[in-house]
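Observations on the three-dimensional arrangement
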Amino acid sequence: MNPTTLKGACHCGAVTFEADTPSEPAVRCNCSLCRRRGAVMSPPFPRDRLRILSGENELALYEFNTQVAKHFFCKRCGIYTFHQTRSNPDMWRVNLGCIDGVDAYSLDAPVADGASHSVVGKP
Ligand SMILES: [Zn+2]
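Rules used in this analysis
- Along each chain, numbering runs from 1 in the same order as the chain's sequence is written.
- Given that this is a predicted model, residues contribute local features only at a pLDDT of at least 70 and side-chain atom pairs are listed and counted only at 80 or more, while totals for whole chains, interfaces and linings are drawn from all residues.
- Side-chain figures throughout are based on the complete set of non-hydrogen atoms in the structure, without hydrogens or water.
- UniProt positions are given in the numbering used here, feature names are shortened, and annotations may be inferred rather than shown by experiment.
- Strands here are runs of E lasting at least two residues and helices are runs of H or I lasting at least four, both read from the DSSP assignment and numbered beginning at the N terminus.
- Relative accessibility decides the category of a residue: with a 1.4 Å probe and only protein chains considered, values under 20% of the type maximum give buried, values over 50% give exposed, and everything between is partly exposed.
- Under this definition, polar contacts are N or O atom pairs within 3.5 Å; protein pairs additionally need one hydrogen-donor-capable and one acceptor-capable atom, and for neighbouring residues in sequence, both atoms have to be side-chain atoms.
- In this description, contact between two residues means that some pair of their heavy atoms is separated by no more than 4.5 Å.
- Paired strands, in this sense, are two strands between which DSSP finds at least two bridges.

Under an unreviewed UniProt entry, the protein chain has the name Aldehyde-activating protein and belongs to Caballeronia pedi. The record in UniProt for the protein chain states the following under Sequence similarities (unreviewed entry): "Belongs to the Gfa family."

As structure tokens, then:
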């Protein structure tokens, strides 16, 4: 398999990165975080396919709930760039809105039912 290398950046350009992954199947999610950020995300891929090219010091980490997923965003511009998934902590996704040459809104990106998988509010 020879996945495409996606090149991306946050809005201010401090954080740049590459990920070896196809852009589809893309997905959105209705969990409490994703419905707020509204991002279209890449398919999941292993961590070693993600390379942070610049701005690693500009990245902030947001964790909530089970503290398993790791959501990274740029401290300067606030843009979510990529995250480590909760369902499989070995896998990551990138924000397709950050990727050069990808029109994230043109992709067929069904909404995953993350809200039902969330442990928030469940006994
Ligand atoms: Zn930025």
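Back to the write-up after that little detour.
Quick look at the side chain of N95
Inspection of the secondary structure assignment puts N95 in the loop between β9 (91–94) and β10 (111–112). Judged by its relative accessible area of 9%, N95 is buried. Reaching out from N95, the side chain makes a polar contact with the backbone oxygen of Y80 at a distance of 2.8 Å. Engagement of the side chain of N95 in a polar contact is seen with the backbone nitrogen of G97, the distance being 2.9 Å. Not counting residues within four places of it along the chain, the set of residues in contact with N95 comprises A39, V40, I79, Y80 and T81.

Side note on the environment of P46
If you trace the backbone, P46 turns up in strand β4 (residues 45–46). Judged by relative accessible area, P46 falls into the partly exposed class, the value being 27%. Spatially, the C-alpha atoms of P46 and E56 are 18 Å apart, while their sequence positions differ by 10 residues. Not counting chain neighbours up to four residues away, the residues in contact with P46 comprise D90 and M91.

A look at the sheet that holds strand β7 (residues 70–74)
The sheet built from 5 strands is open, its strands ordered β4-β9-β8-β7-β6 with antiparallel pairing. The sheet terminates laterally at β4 and β6 (59–62), the two strands that pair on one side only. Bridging between β7 and strand β8 (residues 80–84) involves 4 bridges; their strand directions are antiparallel. Pairing of F73 across the sheet is with Y80, part of β8.

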